[in-house]
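Listed below are the residues making up each chain.
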Amino acid sequence: MGSTITLRTAAAYPDRVRAAVLIGVEDIEDDEAKKAEIRFLDAFAARVEADGIEAGWEPILARFPPVVGAMVRDAIPRSDPASIVAAAAIGHDRSFRSVAEVATITVPTLIFPGTDPRHPTALAEEAADTLPNGQLAMIPIGDDLRTAVDLARATAPAIREFLTRLVMPVIDEG
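What you see is a predicted model, and the numbers here were worked out from it, not measured in a lab.

## Quick word on the overall build of the chain
For the chain, the helix and strand inventory stands at 7 helices and 3 strands. Ordering the α and β elements of the chain from the N terminus gives α-β-α-α-α-α-β-α-β-α. By the compact-globule yardstick of 16 Å for 174 residues, the chain fits well, its C-alpha radius of gyration being 17 Å. Within the span of the chain, comprising 174 residues, buried residues form 34% of the whole. A separation of at least 24 residues holds for 74% of the contacts in the chain among residues at least 6 apart in sequence. Just so you have it, the chain exposes about 10,200 Å², and 57% of that area is on carbon and sulfur atoms. Counting 17 positive and 27 negative side-chain charges, the chain places the averaged centre of each group 2 Å from the other.

## Observations concerning the sheet that holds strand β1 (residues 20-23)
Strand order in the open sheet formed by 3 strands is β1-β2-β3, and the pairing between neighbours is parallel. Since the sheet does not close on itself, it has two edges, and those belong to β1 and β3 (134-136), each with one partner. Adjacent strand axes in the sheet meet at a mean angle of 20° when their direction is disregarded. Sheet analysis places β1 next to strand β2 (residues 109-112), joined by 4 bridges and oriented parallel. Residue Ile-23 lies in a different strand from β2, and its bridge partner there is Phe-112.

## Some thoughts on empty space enclosed by the protein
The full count for this structure, using the stated rule, is 1 cavity of 30 Å³ or more. Computed from the structure, the largest cavity encloses a volume of approximately 60 Å³. Residue lining of the largest cavity: Leu-7, Val-25, Glu-26, Ile-28, Phe-96, Val-99, Val-102, Leu-123, Ala-127 and Leu-131, and that is the complete set. Split by residue class, the lining of the largest cavity holds 9 nonpolar, no polar and 1 charged.

## A closer look at the pattern of salt bridges
Under the definition given, this model contains 3 salt bridges. With a closest N to O distance of 3.3 Å, Lys-35 and Glu-32 form a salt bridge. Here Glu-32 and Lys-35 lie together in helix α2 (residues 31-51), a separation of 3 residues that amounts to about one turn. The exposure class of Lys-35 is partly exposed, given its relative accessible area of 43%.

## Some details on the packing of α2 against helix α5 (residues 81-88)
Direction vectors running N to C along α2 and α5 enclose 170°, while the axes themselves pass 9 Å from each other. Regarding the angle of α2 to α5, the classification is roughly antiparallel. Where α2 abuts α5, its residues Leu-41, Phe-44, Ala-45, Val-48 and Glu-49 lie against Pro-81, Ile-84, Val-85 and Ala-88. For the contact of α2 with α5, the class distribution of residues is 8 nonpolar, no polar and 1 charged.

## Side note on the packing of aromatic side chains
Counting across every chain of the model gives 1 aromatic pair. In this structure, Arg-8 packs its charged tip against the face of Phe-96, placed 4.9 Å from the ring centre.

Procedures and definitions
- Residues numbered from 1 in each chain as written.
- Predicted model: local features only at pLDDT ≥ 70, side-chain atom pairs only at ≥ 80, totals over all residues.
- Heavy atoms only, no water.
- Helix = DSSP H or I, 4+ residues; strand = E, 2+ residues; numbered from the N terminus.
- Rg over C-alpha atoms; globule rule 2.2 N^0.38 Å.
- Buried < 20%, exposed > 50% of the residue type's maximum accessible area, 1.4 Å probe, protein only.
- Contact = heavy atoms within 4.5 Å.
- Areas by Shrake-Rupley, 256 points an atom, 1.4 Å probe, with all protein chains shown as cover.
- Lys, Arg positive; Asp, Glu negative; His and termini not counted.
- Charge placed at Lys NZ, Arg CZ, Asp CG, Glu CD.
- Pairing = 2+ DSSP bridges.
- Axes fitted to C-alpha atoms, helices over the stretch in contact; angles between N-to-C directions.
- 1 Å grid on protein atoms, 1.4 Å probe; cavity = no way out; pocket = protein on both sides within 12 Å on 5 of 7 lines; lining within 4 Å.
- Points joined across faces, edges and corners; volume = space filled by probe spheres on them.
- Nonpolar A, V, L, I, M, F, W, Y, C, P; charged D, E, K, R; others polar.
- Salt bridge = Lys/Arg side-chain N within 4 Å of Asp/Glu carboxyl O.
- Parallel < 35°, antiparallel > 145°, perpendicular 65-115°, else oblique.
- Phe/Tyr/Trp six-rings, centres within 6.5 Å; stacked < 30°, edge-to-face > 60°.
- Lys NZ or Arg CZ within 6 Å of the ring centre and 35° of its normal.

In structure tokens form, the structure reads like this:
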């Protein structure tokens, strides 16, 4: 959901965002898929409320790329059930109706493609093509990444290069 929040912030407050790095772009659901997501997140919230955070995540974690599962498991002890339940309510919001909606976002945006059904690779590619200053990082967040350190090692070179280009002035020698 972080990519959706980042894109929505960049669209609503372009004067406050200088650049964006997105790791996976949340799927744009049709109406039936959106209803299924709402049911899914409502059931997740109900499990967290009734049985705790670990019980809420239990049936879900196996579907995530290993690195995402590892980061969630690491965060559980520092999490508050009420906050998790409140955050699940974001499922009632729609990310975007179409990729065309992100065309108004002009800040430089680096996009790492996701590899799971909630963060389809094709959507990341389309978003990078649609964003006026979008750039696709050809490092998928897949099953070969197992820890936050793996994720950092995989993404850091592309992020460093992206940020360096943002701060380096372009010299016109013409």
